[in-house]
Amino acid sequence: GREAPGAGLAWELPPGWKEHPPTQPRVGSFVVPSRPGLECSVTLLSGAGGGLAANVNRWRGQLGLTALGAAEFAALPTLSVLGHPARLVEVENDGSGLLGVVCELGAETVFIKMTGPAGALREERENFIAFCRSLSRESGR
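Quick summary incoming for the structure in this document. Since the model is a prediction, treat every value here as computed from it, not as a measurement.

1. A closer look at the pairing of strand 7 (residues 84–93)
Sheet topology note: the strand 6 (residues 78–81)/strand 7 ladder contains four bridges and is antiparallel. Residue pairing for strand 7: Leu79 is matched across the bridge by Ala86. Hairpin connection between strand 6 and strand 7: a loop of two residues separates the two successive antiparallel strands, and Leu82 in this loop has a positive phi of roughly 55 degrees. Note: strand 7 against strand 8 (residues 96–104), seven bridges, orientation antiparallel.

2. Considering the environment of Arg87
One can find Arg87 in strand 7. Taking the C-alpha atoms as reference points, Arg87 and Ala74, 13 residues apart in sequence, are found 9.0 Å from one another. Setting aside residues no more than four positions away along its own chain, Arg87 makes contact with Leu52, Phe73, Ala74, Leu76, Pro77, Thr78, Gly100, Val101 and Val102. Within the local environment of Arg87, its side chain forms a polar contact with the backbone oxygen of Leu76, the two atoms lying 2.9 Å apart.

What counts and what doesn't
Along every chain, residues carry numbers that run from 1 in the direction the sequence is written. In keeping with the model being predicted, local features are shown solely for residues with a pLDDT of at least 70 and side-chain atom pairs are shown and tallied solely at 80 or more, while totals for entire chains, interfaces and linings include all residues. Side-chain metrics in this entry use all non-hydrogen atoms of the structure; hydrogen atoms and water are not considered. The rule for pairing is simple: two strands pair if DSSP sees at least two bridges between them. Under the DSSP-based scheme used, a helix requires at least four consecutive residues in state H or I and a strand at least two consecutive residues in state E, with every element numbered from the N terminus. The contact criterion used is simple: two residues touch if any of their non-hydrogen atoms lie within 4.5 Å. Whenever two N or O atoms come within 3.5 Å, that pair is a polar contact, provided that in protein one can donate a hydrogen and the other can accept it, and provided that, for residues adjacent in sequence, both atoms are side-chain atoms.

What follows is the structure, encoded as structure tokens:
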């Protein structure tokens, strides 16, 4: 595992992933050299960051897709991140894709997003989910 400076987060890098120095407001930035065009980022924002549904629909909008209604949003799959339920967003349009996870931690919200060619994203999906599940708080905080 490795920690993000100042963010108090640690994670396990999936095989083949490579870490890049993050730029604000990211706390983690990653590429998968064997899959050109794939990029993953971890961002930690204080507060709700605008709310889960708003962020999910912002991501969908980035790929030119319509917003989800409340029922569709409620139907999104969840996984456990940092001991909290997090929504998994999977979007594809015109050969581009986005995998995203939004996890509300009370005072903070963690966003984990991977973008790139849709085919490469599908191949990296399990690693992305494993990465999300590997996030932990640094000990001693």
